[in-house]
Amino acid sequence: MSTNAGSAVRESDWGVQPPPVSAPGAAASQPSRPKGIRRGEAIRELKKRDNYTNFRHIGFVYLVIAASIAATIWSFHFVAAKALGWWWDIPATLAAITAIGASQHQFGGVIHEGTHFILFENKILNELASDWLAAFPIYTSTFHFRLHHLAHHQFINDPVRDPDWAQLQDSGHDLDFPITHFEMLRALGKQIWLPNLFRYTIARARYSALGTVNNPYVDREQRGERLPTIAGVLYAIIAPAAVIPLVRAGHGAWAFVALAVLTAVIVTYFARLDENKLPHAHVETVISHRTTNISRVAYLAILYAALTGIEVSGWGPAWHYYGLLWIVPLFTTFPLFMIMRQWVQHGNADRGRYTNSRVFLVNPFIRYAVFPFGMDYHLPHHIYASVPHYKLHGLHELLLQDPQYREKGVVVEGYFNSPHGDVEERNPTVIEVLGEKYAPKGSEEAYVDTETLEYAKVKNPDAIARENKDSLSEGR
């Protein structure tokens, strides 16, 4: 395989205006070229971010979560008031677990935007909003995911340097592409066995929090200690384990005391911790590790105190609802939706710039649950990762002027079934694109995305440059 690295867009890259697209697998419409605007300028315009748009998108996710919880609790009270059997609670519970798991995946989309510094233009706001509004609620942090995800972008489908490869193999969720319809459905069916979802969730969390030896962004000479990460995990588990029995026993005051003591101990530990004992990376932090660790503990302390206060006040079994309607989705529907996305975005694909992913046109529910925050336009995102999710459709339309994108890029319609039925001239479904017909032909150039770090502050560019060189050399 020959090599190729990312470069800036130039007017001469795409040549003259191409004819309309009609081939199956490509987009069905051809936009007119913007008058008076060079394509490089158009890309720069698409990359522009602001400090307000994503509050609306995040607010919608919180609205779905609040509505799901409120509707479920109302249903529980209605069933109890009518003296109906407990099984009448099952439909509302399953619907809530599905909707909330999808919304937790939306939080993953928020963190994804924050990881690329495109959630908000202001970097401090970007980091704080990503952490407090999305990452902390699902027990992670933006910076830790950044190391995992940006390496995935820069070294897409590199079996040595792409953390997604290692994580899927470690959890036993890697598939031997190409696969048939039946094999894909059987793989999804195996996730009904909950230990498979637990294993995936734990592996994903471990790779995001602790990284891997092969992660090209990790400073191997200053890997730090694992104890700080373990301490944070233990607080998240031990605090509820100490508080809930006290609340159940009617000792509400002691529950608050226990929470306060545990919180003070862990905050003191992080405040006095030597920064050298924390993991270092070639990509610098926006907010220090110490501050992020203390902030995450503070978030959990506020959450746990609120749940305890609601229950002690007699307003309802808040801890019970939190376990059923937040923790259960976190280990079931949330990872299921992640798997449904991770398998298909890069599965049965190669390392080519235009062939490492696809565009997914799916119904609104699948888009919300499986492809949050623009992940349906995943090929354009991997070509220009600094374009915010709400501009990816425009980027796709612009890229259609690129003959290579138009020829090699694949548009997928429908997840399990095509919305156009079984007609001959149509785009493949998500499952079909994983089959033999769309398997890599081995002729594409390996691509390393050197622009994925566009907004990041890199401490050791030479180390990353060496990884780029080695990846390209091994990809030949």
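Residues numbered from 1 in each chain as written. Predicted model: local features only at pLDDT ≥ 70, side-chain atom pairs only at ≥ 80, totals over all residues. Heavy atoms only, no water.

## Brief notes about unusual backbone geometry
Residue proline 178 is bonded to the preceding phenylalanine 177 through a cis peptide linkage, with omega at -5°. Among the secondary structure elements, proline 178 is positioned in the loop between helix H6 (163–171) and helix H7 (181–189). Positive phi values are uncommon outside glycine, yet phenylalanine 117 reaches one of about 65°. Position of phenylalanine 117 relative to the elements: it lies in the loop between helix H3 (90–115) and helix H4 (123–135). When its relative accessible area of 3% is taken as the criterion, phenylalanine 117 is described as buried. Although it is not a glycine, phenylalanine 373 adopts a positive phi angle of roughly 50°. (Helix = DSSP H or I, 4+ residues; strand = E, 2+ residues; numbered from the N terminus. Buried < 20%, exposed > 50% of the residue type's maximum accessible area, 1.4 Å probe, protein only.)

## Some remarks on helix H2 (residues 53–81)
A rise of 1.5 Å per residue sets the reference length of H2, with its 29 residues, at 42 Å; its end C-alpha atoms lie 43 Å apart and thus fit the reference within 8%. Taken residue by residue, H2 has Thr53, Asn54, Ile58, Val61, Val64, Ile65, Ser68, Thr72, Ser75, Phe76 and Val79 as its buried positions. Buried residues along H2 sit in contact with H3, H4, helix H12 (318–331) and helix H14 (364–370). Alanine 83 sits one or two positions beyond H2 and adopts a positive phi of about 55°. (Expected span 1.5 Å × (residues − 1). Contact = heavy atoms within 4.5 Å.)

## A word on the nonpolar core
Counting residues in each nonpolar core, the largest one holds 72 residues, and the members touching the most others are Met184, Tyr235, Val344, Phe371 and Tyr415. Looking at this core element by element, the count peaks at seven residues for helix H13 (residues 333–346). Those residues in contact with methionine 184 that sit more than four places away from it in its chain are Leu175, Ile179, Trp343, Val344, Tyr415, Ile431 and Leu434. Listed in part, the 17 residues of the second largest apolar core include Ile43, Tyr377, Leu395 and Tyr405. (Core = buried A, V, L, I, M, F, W, Y, C linked by side-chain atoms within 4.5 Å.)

## Considering a nonpolar patch on the surface
A cluster of nonpolar side chains, Trp74, Phe78, Leu84, Trp86, Trp87, Trp88, Ile90 and Leu94, forms an exposed patch at the surface whose accessible area comes to about 970 Å². Breaking the nonpolar patch down by element, the ones donating at least two residues are H2 and H3. Residue position: isoleucine 90 is located in helix H3. (Patch = residues over 30% accessible without salt bridge, like charges linked within 9 Å, V, L, I, M, F, W, Y side chains within 5 Å. Areas by Shrake-Rupley, 256 points an atom, 1.4 Å probe, with all protein chains shown as cover. Salt bridge = Lys/Arg side-chain N within 4 Å of Asp/Glu carboxyl O.)

## Thoughts on the confidence of the model for the protein
Averaged over all residues, the pLDDT of the protein equals 86, while 89% of them reach at least 70. Contacts for the low-pLDDT stretch residues 1–36, under 50 throughout, to residues beyond four places or in other chains number 88 contacts. (pLDDT = per-residue confidence, 0-100.)

## Focus: the side chain of asparagine 356
Along the chain, asparagine 356 falls in the loop between H13 and strand E2 (359–361). For asparagine 356, the side chain forms a polar contact with the main-chain oxygen of glycine 352, separated by 2.8 Å. In terms of polar contacts, asparagine 356 uses its side chain to reach the backbone carbonyl oxygen of arginine 353, at 3.4 Å. In this view, asparagine 356 contacts Ile156, Asn157, Gln345, His346, Ala349, Asp350, Leu379 and His382; residues no more than four positions away in its chain are not counted. (Polar contact = N/O pair within 3.5 Å; in protein donor to acceptor, adjacent residues only side chain to side chain.)

## So, H3
Compared with an ideal rise of 1.5 Å per residue, which puts 26 residues at 38 Å, H3 spans 37 Å between its outermost C-alpha atoms and is within 8% of the ideal. By the criterion of burial, H3 is predominantly enclosed, with 20 of the 26 residues buried. Directly after H3, the chain includes phenylalanine 117, whose backbone phi takes a positive value near 65°.

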